[in-house]
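# Reading the structure
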Amino acid sequence: MGLNLILAHASASSEAGTAALAHLHHQHFEWPHLRQLLGLMRPSRRLEGDDDSLSIPHETVLAQALGWHGEDGRWPWAARSAQQDGILEASMATTDAATGWGLLTPCHWHVGSDQISMLDPAGLNLSAAESHALLAALRPSFEAEGWPLDGGAALRWYTRHAVLADLPTASLDRAIGHSIHLWLHDTRPVARRLRRLQVEAQMLWHEHPVNQAREARGELSVNSFWISGCGRPQAQQAPSPDMRVQLEDALRAPLLAGDWAAWCQTWRELDAQLMADLVARVQRGEQVRLTLCGERHAQTFDSHPRPSWLDQLKSLGQRWQPNPVGPLLAAL
């Protein structure tokens, strides 16, 4: 079976991300295995986007690889996650097929001098008990709107309603570290209802015992939630059944944390291990697809059948040679 590998956060559009790529170049690191791999492949599809897209590129690429139908901000990640957590099946008896699902992530909104930004929820280290208590306090507000609210994990809560079937939302990876006002300008009634629920959550949790205990320990409070991945459940059916789809997100945590030294080190490790493995696969004649995803664009490369020795001789000097990897990544 071939491998369809989607590499998330391979590049960053920020000035700090550009500087990190330049730092690797100045250290004479040129992604040796990735460069070798790209020399064995051909560029194929390119996904064009921008910093204001609701879905970050690797999410769109993965959704399409899973055979889903949708568009920017309308990929049903919540329903998929609810299925993995056993929530979707448990609700089937009382849930209409037209119902849309939404993923709620408890989080901390940082109020700065000129903007409100969301920190990475993973940094809260929220326990299951804390999550359960906060969810219980918020559940009556959602149920008053006719939206059930269930917990799947400490940072994964789920709600469902018909109005969520077509609601576009910004993904967590798009919103973390940025001004949330970029994503809260939707004026539709359902979006206004959600903003009202966010305000209620802030009031309910402001002096909640969970947050009082967290603040006493010097930890960040949970003062809001983010909703994402809305849509109806879709069957997972990859367009290429002979290829296994794999998302690699080892670069995610250091990028979202702005830890560029760790991001650079992770890139070195990925090149030495994962990219070296892909080179070996291609050299064995396996089918490999690699998609490098930045914050704006994504570029896909496909392996091609190994030519005969005569074809190799004829193609000497004509093989596509990739540009240096650094500029290629910077263009994502």
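Residues numbered from 1 in each chain as written. Predicted model: local features only at pLDDT ≥ 70, side-chain atom pairs only at ≥ 80, totals over all residues. Heavy atoms only, no water.

So, about the side chain of His208. The topology assignment puts His208 in the loop between helix H8 (189-206) and helix H9 (209-216). Among the polar contacts listed, one links the side chain of His208 to the backbone nitrogen of Val210, at a separation of 3.0 Å. Among residues more than four places away in sequence, those in contact with His208 are Ala133, Leu134 and Ala137. (Helix = DSSP H or I, 4+ residues; strand = E, 2+ residues; numbered from the N terminus. Polar contact = N/O pair within 3.5 Å; in protein donor to acceptor, adjacent residues only side chain to side chain. Contact = heavy atoms within 4.5 Å.)

What follows deals with the sheet that holds strand E8 (residues 224-231). Judged by pairing direction, the sheet is antiparallel, and its four strands sit side by side in the order E6-E7-E3-E8 without closing on themselves. Both outer strands of the open sheet, strand E6 (149-153) and E8, are each paired with one neighbouring strand and no more. Strand-to-strand twist across the sheet, computed as the mean angle between neighbouring axes with direction ignored, equals 30°. In this structure, strand E3 (residues 100-107) lies alongside strand E7 (residues 156-161), joined through five bridges in antiparallel fashion. Looking across to E7, one finds that Gly100 is bridged to His161. On the sheet, H8 packs against E7 and E8 and is oriented at approximately 150° with respect to E8. (Pairing = 2+ DSSP bridges. Axes fitted to C-alpha atoms, helices over the stretch in contact; angles between N-to-C directions.)

Another point: the sheet that holds strand E1 (residues 2-7). Ordered in space as E2-E11-E10-E1-E9, the five strands form an open sheet in which the pairing is mixed. Pairing within the sheet leaves two strands with one partner each, and these edge strands are strand E2 (41-47) and strand E9 (243-248). Ignoring which end each strand starts from, the neighbouring axes of this sheet average 20° apart. As paired strands, E1 and E9 are joined by six bridges and run parallel to one another. Residue Ile6 lies in a different strand from E9, and its bridge partner there is Leu247. Those strands touched by helix H11 (residues 260-283) are E1, E9, strand E10 (288-293) and strand E11 (298-303), and its axis lies near 155° from that of E1.

Time to look at the nonpolar core. One finds Leu34, Trp226, Trp267, Leu290 and Leu329 to be the most contacted residues of the largest nonpolar core, which totals 46 residues. Every element with two or more residues in this core is listed here: E1, helix H1 (15-26), helix H2 (32-39), helix H7 (172-175), helix H10 (252-257), H11, E10 and helix H13 (325-330). Ranked by residue count, the leading element in this core is H11, at ten residues. With 22 residues, the next largest nonpolar core counts Val190, Leu194, Ile227 and Cys230 among its residues. (Core = buried A, V, L, I, M, F, W, Y, C linked by side-chain atoms within 4.5 Å. Buried < 20%, exposed > 50% of the residue type's maximum accessible area, 1.4 Å probe, protein only.)

This next bit is on the pattern of salt bridges. Scanning the model with the defined rule gives 16 salt bridges in all. Across the salt bridge formed by Asp173 and Arg252, the nearest N and O atoms sit 2.7 Å from each other. Linking Asp173 in helix H7 with Arg252 in helix H10, this pair joins segments that are 79 residues apart in sequence. Judged by relative accessible area, which is 8%, Asp173 ranks as buried. Through salt bridges that share partners, Glu130, Arg214, Arg217 and Glu219 make up one connected network. (Salt bridge = Lys/Arg side-chain N within 4 Å of Asp/Glu carboxyl O.)

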